[in-house]
Amino acid sequence: MPPMNQQHIFHELDKTMNALKDSVLLMASLTRQNLERSVNALLNRDIDLARSVIGDDTEVDELEMKIDQIGMDILLRFHPVATDLRLVITSMKMAHNLERISDHAVNIAKRAKKICKSSEAIETTIIEPLYTKAEKLLRDALLAYTDANPELGQGLKPADAALDAEHKQVIAMLSGRLENAGPRAENLLHLIFVARSLERIGDLSVNIGEDSVFLSEARDIRHEHRKSPEAGESQD
Amino acid sequence: MQATLDPKPSSPAPSAEVSVAIRDLCFNYGSSQALKDITLDLHKHEVTAFIGPSGCGKSTLLRCINRMNDEIPGTRVTKGSIHIEDINIHDPSVDVVKLRRDVGMVFQKSNPFPKSIYENVAFGLRMRGVKDKQVIDQAVEESLRSAALWDEVKDRLQESALGLSGGQQQRLCIARTIAVKPLVVLMDEPCSALDPIATAKVEELVWQLKNDYTFVIVTHNMQQAARVSDRTAFFYMGELVEYSDTKRIFSNPRVRKTEEYISGRFG
């Protein structure tokens, strides 16, 4: 069913729902910004930028709590059903996923800060392809949600699989260099953790994509690979 | 089944789990058509909620099921049929008084008779000609227990039913209805005048009793429909717009009009 455009008779519900949607959009925008800035801090050895990402995460945390509060308020006061109910549920879940993505951005910024302070040179551009893939996954997941585009939300798994494959390659490469790294070993370990965060951001973006499908079509596509007969056979 | 309609089966025979089969039903108040080609099955041991805006036809349909509309001059079924347990309720051989015993009704406003609590519950049995006091005593106690009212009234059975609270009176009406072991219980906004506690008691009662009866409940309270019913039918301007599993109706209705109504976007 296409999204409802008609307003509720009780305008206070529209007002509260709009406050919920606006908060989610703001949180999504800040989270994307934090991720972008954390990677830029790493690539450009910009310690001030890394510090500001760490500081700005508080705003994302507060928005998560605000979204939960508005969601609870709507459930309590308006007893939403159908699309309205799904919007409240997915918004609260999205806020949780965004908060975790922003935490990963903070992790990247913290690693960037340590690398900035190190006198050893390190080839940070190794993680750039991973970032490109993770960032696109996040962007598409958010678009699927804001544009009510379930096809886009459902189609994120192949991109996440490509990110996982890239992650494995990067980890193998960095681990291979560790043995003879000497004093550069610490920075290589930092990059391994950065790669891990980017891989997790891909997974969390897929979660958002799945929630966008539930929002638009009331279909729960989580863990679908486990439900398929092929998956059942392979597990046996 | 302990209660039966007059045995004159005619087609179409409802399937095993269907208690009430409504087919292409059209109904008029004079020249005004109130129901348009309604087709739906009401299932045994389930609660079905009828929802929709005022004037949509949900109460009219409810009252068609026990032919209560027959009492209103100028009304008539113009097309279609209602079968209960294989019996066409509009068949001339159907005894309407017996039909209304098999299809009990609980109204918006509780309507106990100005008699004792005991006599209210015993009334239907006495009308059926039951005279054995032991049988009536047992039926009164069973019905009041089923209606979760026994513990509250067992020591004052001979007191006037009018002295009970609104919620107790409504449960007494339910006890009176089930005392004659009907097949179907129709409820027309049974909780609209009750406080939340009394409402919860009636809803709990419906949930407990649905194993023995087929319930149909007309309600304007969407949360009540979502809480208490297994299936929900949404009506609009005399038409059945959508009929489905209640969880489906309230989480992902197929028809836009349904979603607009249940989410308060109507009009």
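Computed from a predicted structure; not experimentally measured.

1. Here's the deal with the overall build of chain A
Per the secondary structure count, chain A includes nine helices and zero strands. Across chain A, helices and strands are ordered from the amino to the carboxyl terminus as α-α-α-α-α-α-α-α-α. Seen through its C-alpha atoms, chain A measures out along the principal axes to roughly 70 × 50 × 25 Å. Of the contacts formed within chain A by residues at least 6 apart in sequence, a portion of 80% connects residues at least 24 apart.

2. A few points about the overall build of chain B
When you go through chain B residue by residue, the secondary structure sums to 10 helices and 10 strands. Taken against the 2.2 N^0.38 rule, which gives 18 Å for 267 residues, the C-alpha radius of gyration of chain B at 18 Å falls within 12% of a compact globule. In terms of overall dimensions, chain B has a C-alpha envelope of 55 × 45 × 35 Å along the principal axes. Across the 267 residues in chain B, those meeting the buried criterion constitute 45%.

3. Observations concerning the environment of A:Ser102
All names here are of chain A. Relative to the helices and strands, serine 102 is located in helix H3 (residues 82-117). Linking serine 102 and serine 23, residues 79 residues apart in sequence, is a C-alpha distance of 15 Å. In this structure, serine 102 is in contact with Thr31, Asn34, Asp57 and Val60, ignoring residues within four places of it in sequence.

4. Examining the packing of helix H6 (residues 166-178) of chain B against helix H7 (residues 196-209) of chain B
The axes of two packed helices give the description: the angle between them and the distance between them. All names here are of chain B. Running from N to C, H6 and H7 point in directions that differ by 20°, and their axes come no closer than 9 Å. What the angle tells us is that H6 and H7 run roughly parallel. Between H6 and H7 lies a crossing of right-handed hand. Taking contact as the criterion, the partners of Gly166, Gly167, Gln170, Arg171, Ile174 and Ile178 in H6 are, on H7, Ala198, Lys201, Val202, Leu205 and Leu209. Residue composition of the contact of H6 with H7, grouped by class: six nonpolar, three polar and two charged.

5. Some remarks on the interface of chain B and chain A
On the side of chain A, 16 residues touch chain B, which itself brings 15 residues to the contact. Elements with a contribution of two residues or more to the side of chain B that touches chain A: helix H8 (222-228), helix H9 (246-251) and helix H10 (256-262) of chain B. With four residues, H10(B) is the single largest residue contributor to the side of chain B that touches chain A. Class assignment of the residues belonging to the side of chain B that touches chain A gives a composition of five nonpolar, six polar and four charged.

6. Focus: the nonpolar core
Grouped together as the largest cluster of nonpolar side chains are 75 residues, with contacts concentrated most on B:Phe50, B:Ile65, B:Ala175, B:Val184, B:Leu186 and B:Val216. Apart from residues no more than four positions distant in its own chain, B:Ala175 is found in contact with B:Val121, B:Ser143, B:Leu144, B:Ser146, B:Ala147 and B:Leu149. Within the second largest apolar cluster, 53 residues are counted, among which are A:Met17, A:Met94, A:Tyr131 and A:Leu198.

7. Details of the packing of helix H1 (residues 11-43) of chain A against H3(A)
Residue and element names in this part refer to chain A. One way to put it is that H1 packs onto H3 with a least axis distance of 8 Å and a crossing angle of 20°. In this view, H1 runs roughly parallel relative to H3, as classed from their interaxial angle. For the crossing formed where H1 meets H3, the hand is left-handed. Class assignment of the residues belonging to the contact of H1 with H3 gives a composition of 20 nonpolar, five polar and two charged.

8. Re the environment of B:Ala34
All names here are of chain B. Counting through the fold element by element, alanine 34 comes out in strand S2 (residues 32-43). Sequence separation between alanine 34 and arginine 100 is 66 residues; the distance between their C-alpha atoms is 22 Å. Apart from the residues within four sequence positions on either side, alanine 34 is in contact with Phe27, Asn28, Tyr29, Gly57, Thr60 and Gly238.

9. A word on H6(B)
All names here are of chain B. Along its 13 residues, H6 runs 19 Å from first to last C-alpha, staying within 8% of the 18 Å computed at 1.5 Å per residue. For H6, a buried count of 12 out of 13 residues is recorded, marking the element as mostly surrounded by other parts of the structure. Those residues of H6 not exposed but buried are Gly167, Gln168, Gln169, Gln170, Arg171, Leu172, Cys173, Ile174, Ala175, Arg176, Thr177 and Ile178.

10. Description of the sheet that holds strand S6 (residues 103-106) of chain B
Residue and element names in this part refer to chain B. Strand order across the open sheet formed by six strands is S6-S7-S8-S3-S9-S10, with mixed pairing between neighbours. Strands at the two margins of the open sheet, each flanked by one partner only, are S6 and strand S10 (239-245). Sheet twist, expressed as the average angle between the axes of neighbouring strands with direction ignored, equals 20°. Relative to strand S7 (residues 184-188), S6 runs parallel, the two sharing four bridges. From the neighbouring strand, glycine 104 faces S7, where its bridge partner is valine 185.

11. A look at the pairing of S10(B)
Residues and elements named next belong to chain B. Pairing between strand S9 (residues 231-236) and S10: six bridges, direction antiparallel. Across the sheet, the residue bridging to threonine 232 is serine 244, located in S10. Turn length for the S9-S10 hairpin, with the two strands adjacent in sequence and antiparallel, is two residues, and the turn residue methionine 237 shows positive phi of about 50°.

12. Some words on the confidence of the model for chain A
Considering every residue of chain A, the mean pLDDT works out to 91; 93% of them sit at 70 or more. In the predicted structure, residues 231-236 of chain A sits below a pLDDT of 50 and forms two contacts with residues beyond four places in sequence or in another chain.

13. Description of unusual backbone geometry
Residue and element names in this part refer to chain B. In this structure, glutamate 85 takes a positive phi of about 50° despite not being glycine. Examined against the element boundaries, glutamate 85 turns out to sit in the loop between strand S4 (75-84) and strand S5 (87-88). Backbone geometry places aspartate 86, a non-glycine residue, at a positive phi of 75°. With respect to the helices, strands and loops of the structure, aspartate 86 is situated in the loop between S4 and S5.

14. A short note on the environment of B:Val135
Residue and element names in this part refer to chain B. Examined against the element boundaries, valine 135 turns out to sit in helix H4 (residues 133-146). Since 12 C-beta atoms lie within 10 Å of it, valine 135 is described here as exposed. Separated by 10 residues in sequence, valine 135 and leucine 125 have C-alpha atoms that sit 9.3 Å apart.

How each quantity is defined
- Residues numbered from 1 in each chain as written.
- Chains lettered and ligands numbered in written order.
- Predicted model: local features only at pLDDT ≥ 70, side-chain atom pairs only at ≥ 80, totals over all residues.
- Helix = DSSP H or I, 4+ residues; strand = E, 2+ residues; numbered from the N terminus.
- Contact = placed C-beta atoms within 7 Å.
- Rg over C-alpha atoms; globule rule 2.2 N^0.38 Å.
- Buried ≥ 20, exposed ≤ 12 C-beta atoms within 10 Å, placed from the backbone.
- Axes fitted to C-alpha atoms, helices over the stretch in contact; angles between N-to-C directions.
- Parallel < 35°, antiparallel > 145°, perpendicular 65-115°, else oblique.
- Left-handed = near helix turned anticlockwise from the far one by under 90°.
- Nonpolar A, V, L, I, M, F, W, Y, C, P; charged D, E, K, R; others polar.
- Core = buried A, V, L, I, M, F, W, Y, C linked by C-beta atoms within 7 Å.
- Expected span 1.5 Å × (residues − 1).
- Pairing = 2+ DSSP bridges.
- pLDDT = per-residue confidence, 0-100.

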